[in-house]
Amino acid sequence: MKNMTHALTASTLCVLLSSLPLCATAAGDPASGQSKAATCEACHGKTGESVDPNYPNLAGQHESYLIKALSDYRAGRRTNAVMASFAANLSNQDIEDLAAWYASQDGLKDLSIK
Ligand code: HEC
């Protein structure tokens, strides 16, 4: 019984009650992220499959990872001259929307080692 109580963490409850706003895991809106991603397209591609090996693929990446990466660039915790300037003017909502958009895309399909 003790273990069972222990297992009922907030996240377990939120899986069961995911319709409650309190339990919403992501505040990002993918559709709005898609339009905001127009400025990112030149490097990261239309859906996050990048156009060049110098640019990381974002398609299918974890939403939490994308949120962290963008907020780290914005705060200067992760330093990259190009991304610093693109992240500088993003609001928290922009970051969440962009992350939701790229995370909702399919990941890479070609898994061969080259
Ligand atoms: C001019 C090209 C260019 C544009 C435009 C651009 N990026 Fe980037 N992006 C890069 C490069 C280069 C990196 C890798 C930087 C590094 O090594 O940290 C990167 C890295 C990232 C990462 C981290 C990926 C990872 O795997 O850790 C995210 C997230 C990201 N960009 C999102 C965006 C978003 C969102 C936009 C639009 C607001 C955008 N980028 C616009 C070139 C670009």
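Residues numbered from 1 in each chain as written. Predicted model: local features only at pLDDT ≥ 70, side-chain atom pairs only at ≥ 80, totals over all residues. Heavy atoms only, no water.

Per an unreviewed UniProt entry, the chain carries the name Cytochrome c and comes from Elongatibacter sediminis.

It is the contact of helix H5 (residues 63-75) with helix H6 (residues 81-88), at a shortest axis distance of 8 Å, that shows an interaxial angle of 95 degrees. One finds that H5 runs roughly perpendicular with respect to H6. Facing Leu70, Tyr73 and Arg74 of H5, the residues of H6 in contact are Met83, Ala84, Ala87 and Ala88. Considered class by class, the residues forming the contact of H5 with H6 number six nonpolar, no polar and one charged. (Axes fitted to C-alpha atoms, helices over the stretch in contact; angles between N-to-C directions. Helix = DSSP H or I, 4+ residues; strand = E, 2+ residues; numbered from the N terminus. Parallel < 35°, antiparallel > 145°, perpendicular 65-115°, else oblique. Contact = heavy atoms within 4.5 Å. Nonpolar A, V, L, I, M, F, W, Y, C, P; charged D, E, K, R; others polar.)

Further remarks concern the site of the ligand. In the vicinity of the ligand lie 19 residues, with Cys40, Cys43, His44, Tyr65 and Met83 positioned nearest. Contact between the ligand and Tyr65: an oxygen atom at 2.5 Å from a side-chain N or O atom of the residue. In this structure, Tyr73 approaches the ligand through a side-chain N or O atom, which is 2.7 Å from an oxygen atom. Spatially, the ligand is embedded in the largest pocket. If you list the elements that add at least two residues to the shell around the ligand, you get helix H4 (41-44), H5 and H6. If one sorts the elements of the shell around the ligand by residue count, H5 sits on top with five residues. Partitioning the shell around the ligand into residue classes produces 14 nonpolar, four polar and one charged. (Near = heavy atom within 4 Å. Polar contact = N/O pair within 3.5 Å; in protein donor to acceptor, adjacent residues only side chain to side chain. 1 Å grid on protein atoms, 1.4 Å probe; cavity = no way out; pocket = protein on both sides within 12 Å on 5 of 7 lines; lining within 4 Å. Sits in = over half its atoms within 2 Å of the grid points.)

In this model helix H7 (residues 92-103) runs 16 Å from its N-terminal to its C-terminal C-alpha over twelve residues, within 8% of the 16 Å that 1.5 Å per residue would give. Within H7 the residues assigned to the buried category are Asp94, Ile95, Asp97, Leu98, Ala99, Ala100, Trp101 and Tyr102. Residues of H7 that are buried sit in contact with helix H3 (30-36), H4 and H5. (Expected span 1.5 Å × (residues − 1). Buried < 20%, exposed > 50% of the residue type's maximum accessible area, 1.4 Å probe, protein only.)

Bringing the environment of Leu90 into the picture now. Summarising the element assignment, Leu90 is placed in the loop between H6 and H7. Along the chain, Leu90 and Leu70 lie 20 residues apart, while their C-alpha atoms are 8.6 Å from each other. For Leu90, the contacting residues outside a window of four places in its chain are Leu70, Arg74, Ile95 and Leu98.

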